[in-house]
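Each chain, written out:
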Amino acid sequence: MIWKYAVTLIFLQYLLTTAAAFGSPGVEPDTSNKWICTSTELCQLDDASNIGDAKRFESQHDCRMSCGKYGAIWPMPTGSVSLSQDRIHFDPWKVRFNVVAPSPASTQFIRETNRIFVSNIIKECLRNCTLEQSKEVLVKATVNSTDLTLDWSTDESYQLVIRTTGTATFVDIKAPTVYGARHAFETLSNLITGCKDNGLLMVSSARVTDRPLYPHRGVLLDTSRNFMPLKQIRNTLDAMAASKMNVFHWHVVDTHSFPLEITRVPEMQRFGAYGAGSTYSRADTSNMIKYARLRGIRVLIEIDGPSHAGNGWQWGPMAGMGNMAVCINQKPWRNYCIQPPCGQLNPVNSNMYSIMKEIYEDLAEVGAPEETIHMGGDEVYISCWNNTQEITKKMREMGYDLSLDSFYKLWSEFHEKNLESWDEVNQRQYPHLKVPKSTIVWSSHLTDPGHIEKYLPKERFIIQTWVAADDPLNPALLNMGYRVIVSTKDAWYLDHGFWGRTQYYNWAKVYNNKIDSNPNILGGEVCMWSEFVDQNSVEARIWPRAGAAAERLWSNPKTNNLQAQYRFYRYRDRLISRGIRPDAVVPKWCILNEGHCM
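Predicted model, so just to flag it, every value in this text is computed and none were measured.

**A word on the sheet that holds strand β3 (residues 56–57)**
Stage number 1. Reading across the sheet, the three strands line up as β2-β1-β3 and stay open at both edges, with antiparallel pairing between neighbours. The open sheet terminates on both sides in strands that have one partner only, identified here as β2 (43–45) and β3.
Stage number 2. Pairing geometry for strand β1 (residues 35–37) and β3, over two bridges, is antiparallel. Bridge pairing links Trp 35 to Phe 57 in β3.

Take a look at the structure:
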């Protein structure tokens, strides 16, 4: 067997320097191997050495790796788990990789995964990673499929086996796709921790069989209200990868700003961005999508409409294209929109649809062939359209009265026409596609179960619901055969608690938001709207709370947060080691003294 792709010394020295800059998370005082895993699955100090035959560990992190059925693995696996309490002491510079994959593209993907994996585990080093006396760690990753498609049908399952002999430790990873293998490497990193001396510790043997319950496990980040630099977006993607989340829902434009470059329509960014330094170029978007894909994450771009659209659309009259949006910056804003500044797309202006199609052309080119879009579709203010003479005049000419039903019909035609444009764009760019792509819209008055079937066909529209946990909308839509993505408003809206009468949801509330078992539930997303957060605070607002939802969406445990808390604390420390700045969730004393605070 030829072991290849050894990580170079220079690269690892660079990573070690980076890890030192971040600092080492959760370093406990030197306790001389007095940590034990109790019969109640707590890692505790045994100062008096009362339990003579108990297995002892050099640190709490060392203990946590295999204390309890799932040790420190986050999110909780759905299959079988077996973890040894014995350890190997190894030098990460002596890890060797062998990739067995059926194509150059899948081979290269796993090699990049190896690079990210080594970068992550080196950041766990508490001191010097170099270890003179170290067994080799030989990692073999076998992937069966050449397919790099990442969508709701992708197989993300994996098997991970660790065994140790007298000469080496062998890690065997098997997965149908590169994404399952990527998750396996993430789990493997959960079975490694820093050593009080040099080098790293890893469980000497383990067996994990795992697959996610839900194919859509997402984080929404709004970069329109307040611009977010690419560094913050990459950190979000890194944290998502550590959590095995696989959809980055990019709410990139809104009435406030349009920072996204559309090469076919440069006016959108020119008139919509806050400034030259608050933009995303096409190259930025393309590189972000590649960065995310190597971490097993889709980038789902939302172009909201017909509401939440204003700045960026206001150049129509000067270009001879008419009012493509109406009510832009209208005052008093409460009469025309849900929040300032106001703006809604003009559904009776054909030029608006032409521009929207140009936007779709750009998105289809920069995104993956299998990727779809999010059309928005929430919080339409009928009074905006009803007070726009151009729209009401055209509606009468079309034979519409000005009833609520007529405006709903106009609203649904907006989505219908844009869906036709999206289909045409995809058919031209990807003629091999046999089935048109479904698109996503938010729940709204249009998705009311009493009339949704009249406006939004279930075969084409997926509904992302943002209602309370006890709202009847989800079961009603599911019973009607609609596919649903859940964003529980009173648990998974991470901006709540910082404005108005909203309430902050701690990680336990996020974790305990159980999801129904239904094949039409694709999964869910936590949402970070940015009215009251910017680059200086966004990481602490999202993390580690989003990680609580990650376990809910991966395995949807029957248990609550009390059974998960100590794995969660270790997960948070892992984020810190990787350069993320998650919020604190309990006092450090409670982390070091398991079982004493809850």
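**Re the packing of helix α8 (residues 350–366) against helix α11 (residues 404–429)**
Stage number 1. Running from amino to carboxyl end, α8 crosses α11 at an angle of 40°, the nearest separation of the two axes being 9 Å. As judged from the angle between their axes, α8 and α11 are oblique. Crossing angle aside, the handedness with which α8 passes α11 is right-handed. Contact with α8, carried on its side by Met 352, Tyr 353, Met 356, Lys 357, Tyr 360, Glu 361, Ala 364 and Glu 365, involves Glu 413, Phe 414, Lys 417, Asn 418, Ser 421, Trp 422, Glu 424, Val 425, Arg 428 and Gln 429 of α11 and no other residues of that element.

**Topic: the packing of aromatic side chains**
Stage number 1. Applying the stated criterion across every chain, the model contains 22 aromatic pairs.
Stage number 2. Arranged with centres 6.1 Å apart and planes meeting at 45°, the rings of Tyr 353 and Phe 414 form a pair that is tilted. In this pair, Tyr 353 is assigned in helix α8 and Phe 414 in helix α11, connecting sequence segments 61 residues apart. When sorted by exposure, Tyr 353 lands in the same class as Phe 414, which is buried.
Stage number 3. Taken together, Trp 74, Trp 507, Tyr 511, Phe 568 and Tyr 571 form an aromatic cluster joined through their ring pairs.
Stage number 4. Taking the ring centre of Tyr 291 as reference, the NZ or CZ of Arg 295 above it sits at 3.5 Å.
Stage number 5. Across from the ring centre of Tyr 511, 4.8 Å away, lies the NZ or CZ of Arg 552, which sits over that ring.

**Section: the pattern of salt bridges**
Stage number 1. Summed over all chains, the structure comprises 27 salt bridges.
Stage number 2. Residues Arg 115 and Glu 112 are paired through a salt bridge, measuring 3.0 Å at the closest nitrogen-oxygen approach. You can see Arg 115 and its partner Glu 112 sitting in helix α3 (residues 104–122), three residues apart, about one turn around the helix.
Stage number 3. Among the residues examined, Arg 115 registers a relative accessible area of 27% and is labelled partly exposed.
Stage number 4. For Glu 112, a relative accessible area of 18% puts it in the buried group.

**Quick word on the nonpolar core**
Stage number 1. Core analysis: the biggest nonpolar cluster contains 112 residues, and Phe 248, Trp 250, Leu 260, Trp 313, Ile 359, Trp 385 and Trp 543 have the highest contact counts within it.
Stage number 2. Looking at this core element by element, the count peaks at nine residues for α8.
Stage number 3. For Phe 248, the contacting residues outside a window of four places in its chain are Val 219, Leu 221, Ile 233, Thr 236, Leu 237, Met 240, Met 288, Ile 297, Arg 298, Val 299 and Leu 300.
Stage number 4. Membership of the second largest hydrophobic core comes to 47 residues, among which are Ile 73, Val 95, Leu 160 and Leu 191.

**Quick word on the pairing of strand β14 (residues 247–251)**
Stage number 1. Counting buried positions over the five residues of β14 gives five, a clear majority of the element.
Stage number 2. Here β14 shows a buried face lined by Val 247, His 249 and His 251 and a second buried face lined by Phe 248 and Trp 250.
Stage number 3. As paired elements, β14 and strand β15 (residues 298–305) share five bridges and run parallel to each other. From the neighbouring strand, His 249 faces β15, where its bridge partner is Leu 300.

**Remarks on the pairing of β15**
Stage number 1. Counting buried positions along β15 yields eight of eight residues, so the element is predominantly enclosed.
Stage number 2. Across the two faces of β15 the burial is the same, with Arg 298, Leu 300, Glu 302 and Asp 304 and Val 299, Ile 301, Ile 303 and Gly 305 all buried.

**Some details on the sheet that holds strand β10 (residues 192–194)**
Stage number 1. The three strands lie next to each other as β5-β11-β10, forming an open sheet whose pairing is antiparallel. Because the sheet does not close on itself, it has two edges, and the strands there are β5 (87–90) and β10. This sheet shows a mean twist of 30° between the axes of neighbouring strands, independent of strand direction.
Stage number 2. Pairing of β10 with strand β11 (residues 200–203), which is carried by three bridges, proceeds in the antiparallel orientation. Bridge pairing links Ile 192 to Met 202 in β11.

**Some remarks on unusual backbone geometry**
Stage number 1. A cis amide bond, omega -5°, links Trp 74 with the succeeding residue Pro 75.
Stage number 2. The topology assignment puts Pro 75 in the loop between α2 (60–64) and β4 (81–83).
Stage number 3. A cis geometry characterises the amide bond from Trp 543 onward to Pro 544, with omega recorded as 5°.
Stage number 4. Looking at where Pro 544 falls in the secondary structure, it is placed in the loop between α16 (538–542) and α17 (545–554).
Stage number 5. Non-glycine residue Glu 41 carries a positive phi angle of around 65°.

**A look at the state of the cysteines**
Stage number 1. By the definition in use, this model includes six disulfides.
Stage number 2. Through a disulfide, Cys 37 is tied to Cys 67; the S-S separation comes to 2.1 Å. Where Cys 37 bonds to Cys 67 through sulfur, the torsion about that S-S bond is close to 80°, and the disulfide is right-handed. One end of the pair, Cys 37, is in strand β1; the other, Cys 67, is in the loop between α2 and β4, with 30 residues separating them in the sequence.

**Considerations on the environment of Asp 495**
Stage number 1. In this structure, Asp 495 sits in the loop between α14 (489–492) and α15 (507–511).
Stage number 2. Look at Asp 495 and you get buried, because its relative accessible area is 6%.
Stage number 3. Placed 84 residues apart in sequence, Asp 495 and Gly 579 show a C-alpha to C-alpha distance of 22 Å.
Stage number 4. Setting aside its immediate chain neighbours within four residues, Asp 495 contacts Cys 527, Met 528 and Trp 529.
Stage number 5. A polar side-chain atom of Asp 495 sits 3.0 Å from a polar atom in the side chain of Trp 499.

Here is what the cut-offs are and how they apply
- Within any chain, residue numbers begin from 1 and follow the written order of that chain's sequence.
- With the structure being a predicted model, the display of local features is reserved for residues of pLDDT at least 70 and the display and counting of side-chain atom pairs for 80 or more, all residues being used for whole-chain, interface and lining totals.
- Water and hydrogen atoms play no part in the side-chain values, which are based on all heavy atoms of the structure.
- When DSSP finds two or more bridges between two strands, those strands count as paired.
- Starting at the N terminus, helices and strands are each numbered in turn, a helix being any DSSP run of H or I of at least four residues and a strand any DSSP run of E of at least two.
- Helix axes are fitted only over the stretch in contact, all axes being lines through C-alpha atoms; the angle between N-to-C directions runs from 0 to 180 degrees.
- When describing relative orientation, an angle under 35 degrees is termed roughly parallel and one over 145 degrees roughly antiparallel, while 65 to 115 degrees is termed roughly perpendicular and anything else oblique.
- Working rule for handedness: look at the near helix, and if it is turned counterclockwise from the far one by less than a right angle, call the crossing left-handed; if clockwise, right-handed.
- The contact definition used throughout considers only heavy atoms, calling two residues in contact when any of these lie within 4.5 Å.
- Working definition: a ring pair exists when centres of Phe, Tyr or Trp rings (six-membered ring for Trp) sit within 6.5 Å. Plane angles under 30 degrees give stacked, over 60 give edge-to-face, the rest tilted.
- Remark: exposure states derive from per-residue accessible area (1.4 Å probe, protein chains only) relative to the maximum for the residue type, with buried under 20%, exposed over 50%, and partly exposed in between.
- Charge over a ring is defined by NZ of Lys or CZ of Arg lying within 6 Å of the ring centre and within 35 degrees of the ring normal.
- For salt bridges, the criterion is a side-chain nitrogen of Lys or Arg within 4 Å of an Asp or Glu carboxyl oxygen.
- What we call a nonpolar core is a set of buried Ala, Val, Leu, Ile, Met, Phe, Trp, Tyr and Cys residues that are connected through their side-chain atoms within 4.5 Å.
- Criterion for a disulfide: a pair of cysteine sulfur atoms within 2.5 Å.
- As used in this structure description, the phrase polar contact means that two N or O atoms lie within 3.5 Å; if the pair is within protein, one of them must be able to donate a hydrogen and the other to accept it, and residues adjacent in sequence are counted only when both atoms belong to side chains.

Note that every value here comes from positions in space, so none of it alone points to a role or purpose.
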